[in-house]
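Fold and geometry: a report
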Amino acid sequence: MIAEVIVDVAAHPIDRPFDYAIPLHLQVLVEPGMRVKVPFGPRKVLGFITAIKETSEFDPARLKPIHELMDVVPVLNDELLEMAKWMKIQTVCFEIDALQVMIPSALRAKYEKRFVLNAPLEDIAEPLRRYFEKRPFVRSQDAVEVYDLLKKELGRGTIVADTDISQQTAVKKVRMIHITDSLEKLESIEIRPNAKQQVKLMAYMKNHTGKAIESSRLQKEAGVSLPTIYGLVEKGAATINNEESYRDPLLEATIEQKQSLKLTEAQQTAFNAIERSLNTPKTFLLHGITGSGKTEIYLQTIDQVLKEGKEAIMLVPEISLTPQMTLRFKERFGDLVAVLHSGLSAGEKYDEWRKIQRAEVKVVVGARSAIFAPFQNLGLIILDEEHESSYKQDDSPRYHARDVAIWRSEQHNCPVILGSATPSLESYARAQKGVYELLVLEKRAKNQPLPDVQIIDMREELRNGNRSMFSVPLAEAIRERLERKEQVVLFLNKRGYSSFVLCRDCGTVMQCPNCDISLTYHRSSELMKCHYCGYDEPVPHTCPECESEHIRFFGTGTQKVEEELAKLVPEARVLRMDVDTTRNKGAHEKILSAFGEGKADILLGTQMIAKGLDFPNITLVGVLSADTTLHLPDFRAAEKTYQLLTQVSGRAGRDILPGEVYVQSYTPEHYAITLAKDQLYEPFYDQEMSMRRASGYPPYYYVVNIQFTHEDLMTVAGYADQSVRYLQSQLSASTIIIGPSASLIARVNNRYRYQCLIKYKKEPKLADVLQQLIKIYRSEWLKKGATLSIDMNPTSVM
DNA sequence: AGCACGCCGACT
DNA sequence: GTCGGCGTGCTC
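Residues numbered from 1 in each chain as written. Chains lettered and ligands numbered in written order. Predicted model: local features only at pLDDT ≥ 70, side-chain atom pairs only at ≥ 80, totals over all residues. Heavy atoms only, no water.

For clarity, the threshold we go by: UniProt positions are given in the numbering used here, feature names are shortened, and annotations may be inferred rather than shown by experiment.
As recorded by an unreviewed UniProt entry, chain A carries the name Replication restart protein PriA and is attributed to Planococcus liqunii. In UniProt, chain A has this text filed under Function (unreviewed entry): "Initiates the restart of stalled replication forks, which reloads the replicative helicase on sites other than the origin of replication. Recognizes and binds to abandoned replication forks and remodels them to uncover a helicase loading site. Promotes assembly of the primosome at these replication forks." In UniProt, chain A has this text filed under Subunit (unreviewed entry): "Component of the replication restart primosome."

1. So, the sheet that holds strand β7 (residues 137-139)
How we decide: Think of it this way: DSSP has to see at least two bridges between two strands before they count as a pair. Per the convention used, a helix needs a DSSP run of H or I reaching at least four residues, while a strand needs a run of E reaching at least two, with both numbered from the N terminus. Every axis corresponds to a line fitted to the C-alpha atoms, with the helix fit spanning only the stretch in contact, and the corresponding angles, defined between N-to-C directions, vary from 0 to 180 degrees. Contact definition: two residues touch when any of their heavy atoms are within 4.5 Å.
Judged by pairing direction, the sheet is antiparallel, and its three strands sit side by side in the order β7-β6-β8 without closing on themselves. What marks the edges here is a single partner per strand, and that holds for β7 and β8 (159-167). Averaged over all adjacent pairs, the angle separating strand axes in this sheet is 35 degrees, with direction ignored. Both strand β6 (residues 109-117) and β8 contribute to a ladder of nine bridges, which runs antiparallel. By the bridge assignment for β8, Lys 113 is matched with Thr 163. Helix α4 (residues 147-156) rests against β6 and β8 of the sheet, and its axis sits at about 110 degrees to β8.

2. Points about the protein's contact with DNA strand C
Just so we agree on the cut-off: It suffices for a single heavy atom of a residue to lie within 4 Å of a molecule or strand for the residue to be listed as near it. Between N or O atoms, a polar contact is any pair within 3.5 Å; within protein, one atom must be a potential hydrogen donor and the other a potential acceptor, and residues adjacent in sequence are included only when both atoms are from side chains.
DNA strand C sits among 13 residues. The nearest are Arg 16, Asp 19, Gly 41, Arg 62 and Lys 64. In DNA strand C, atoms within 4 Å of the protein come from the sugar-phosphate backbone in 48% of cases. Within the side chain of Arg 62, an N or O atom sits 2.9 Å from a phosphate oxygen of DNA strand C. Here a phosphate oxygen of DNA strand C sits 2.3 Å away from a polar atom, N or O, in the side chain of Lys 64. Those elements that place two or more of their residues in the surface near DNA strand C are β2 (18-21) and β3 (35-40).

3. Details of the UniProt feature "binding site: Zn(2+) 2" (unreviewed entry) in chain A
Sequence positions flagged by UniProt for "binding site: Zn(2+) 2" (unreviewed entry) are, in local numbering, Cys 512, Cys 515, Cys 530 and Cys 533. Considering the C-alpha atoms alone, the annotated residues occupy 22 residues of sequence yet fold into one spot, their largest mutual distance being 8.8 Å. Structurally, Cys 512 is set in the loop between β21 (500-503) and β22 (520-522). In this view, Cys 512 contacts Ile 517, Leu 519, Cys 530, Cys 533, Tyr 535 and Arg 747; residues no more than four positions away in its chain are not counted. Topologically, Cys 533 is positioned in the loop between β23 (527-529) and β24 (536-538). When neighbours within four sequence positions are excluded, Cys 533 is seen to be in contact with Cys 512, Asn 514, Cys 515 and Asn 749.

4. Some remarks on the side chain of Glu 688
By the element assignment, Glu 688 lies in helix α21 (residues 681-695). In this structure the side chain of Glu 688 is engaged in a polar contact, spanning 2.3 Å, whose partner is the side chain of Tyr 671. With residues near it in sequence (within four places) discarded, Glu 688 still touches Leu 425, Phe 635, Ala 638, Glu 639 and Tyr 671.

Below, the structure is given as structure tokens:
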């Protein structure tokens, strides 16, 4: 028997199956989807078995045997193995990358080089001996100081090099105490009356006969120590057993179960449409304005799917995967829900994943990668906020969860629901063409009016001599809320707002020495940092160019706004939420709950506050500058701005108190801003579509972004140029190729970056042509130190 | 991607 | 004369 193995090496020439002999003792155990340790050249690596067959094209005499089987149960099922092949073609990635992204990171291999003793200890050089006294091997990283000695022994063969492969996190085991179910047995046990601890424990046990309890919990509940437990175990009152367990992030919380809400008429119509198609691979676009009750439709549809004995996946953007959100699912589906988000440790994610694999749960709520949940009997996939760019992974494999969802829906004959208040133009266009079925919710569920949105012309403010970042009306409105004891959310578009350092004498802006980008000032660490390569240096006191002392910090990060706010309304209690204040685990929810409890008057933050914020006392939302996303050199700039403004305005007036929104802009007449004011999606869609048509961008054209990097500017420009000429010669005449041109950030980490853009409507040869291009790169440019990366359907083209 | 093999310069 | 630099070629 022969196994085809995709080996854990992400490199072009290795991106294909390698055949291995299956040793006799493993032949009854191996299955496709299991992980194996295999010899690969001079080393050992992990790999995935993708197929089992009887014969190999490869010279049978040169076949190597599988070294070790890592799983007893496959970690990937046939569907996922098949999907990896599909992803490889769709996203132009290595098959190994596709396979790896489907399993929890805890199962990914950890490689550790080490030196293993291969002769009696006395045979090796004396200074080395102490390293091998305890164990017959030493980790490479622990022996750097005797590297040369080791090398000599390596030459003599008294020591051999080896790679230890282990997975990152194992199954958690706990000590379970099984109390005997026989009361007579307990009563027959004699305890000396002065052994007070044992008396206490015995009393507890008599009340809990036949129960199994984790030892740490028993210690807490009975108020005794571990030796006491062991004492009674010896006397036969209980048995101890190490058992597999799950790490439970919500351990102590008891969640009250809740019933379905009554659907409004519009909700009911949408629900019925989906219910009718529960066993068809159909995609719905659920377009409902903010607050229209999409979540309730999701919940009830999932309920329906569970009743049919099937499973459901619910994807949400990472950023809105808040405790509020997950709670709502736990309330409805209890223990049948697994939650996967970035706040969990690798071990916790692994445990949630095992619950899915073992079919102990029926619903998964999670971010992007939860789309790979190994369900066997999928009945429904939902993508909430389907327009969110976080559904596209921005490194290999550059997959879009929406595409994977639709692919899976075809495998399982189940529907996909794409939900959004501001659908992506791609999805809405497909709905218009009838590829997706459009479902619309026009009213808010509780019938609240949309918040009143004011657009403030900041040019006017400037003309009137107001140079601060708060317009007069906004400042006025903030003061008003403070008096009324209502809450304010201030929103700052982070992009384009990083604080930099400028010399007022010579105009120098501090740049990263490795990248063509200015350094960002971080007050918490007093460092200037580069966000692209990680370079940092202390904040200078004089200008590095002209030594002038007149340097100052520019830009308006949230910290800067906070300072200005303190001048404007000194009495206000302000909470700031940005990357700096949410770095620690759980900080995000802490800030939100503090705000929810009314511990602050103003919440000031970036993107991350745009979602999931649902507090009744917020009556004012201020957008400090709507322009920052609007003027980015990207075809999605207007779409993103519209989505953001709609999203942010939706935070105000979600309950009884009416909400008001102030949007400050230097281009207040732009359609993305004026149409977001009243959430006029259709007119926005029409307008933006005509822009896309004129400029040849999605949904009218598909886009591929190809990026080249090299240490040398002329070299990379040359390769990019050759590539474009090759593509032009191979692709059809109607396909447009833009570039090559230097990337927006032309140098990162001392490597120059070039890119080109392919825009096409129909290009059946595309996958093949791209593979050809990769071949050229592999045979000629790779060894010269160039990199090439391909992004199919990029979310942005900057 | 690693790792070994292989062919040319500065050291014991 | 050897240690070691990194070019190039292979991995079932």
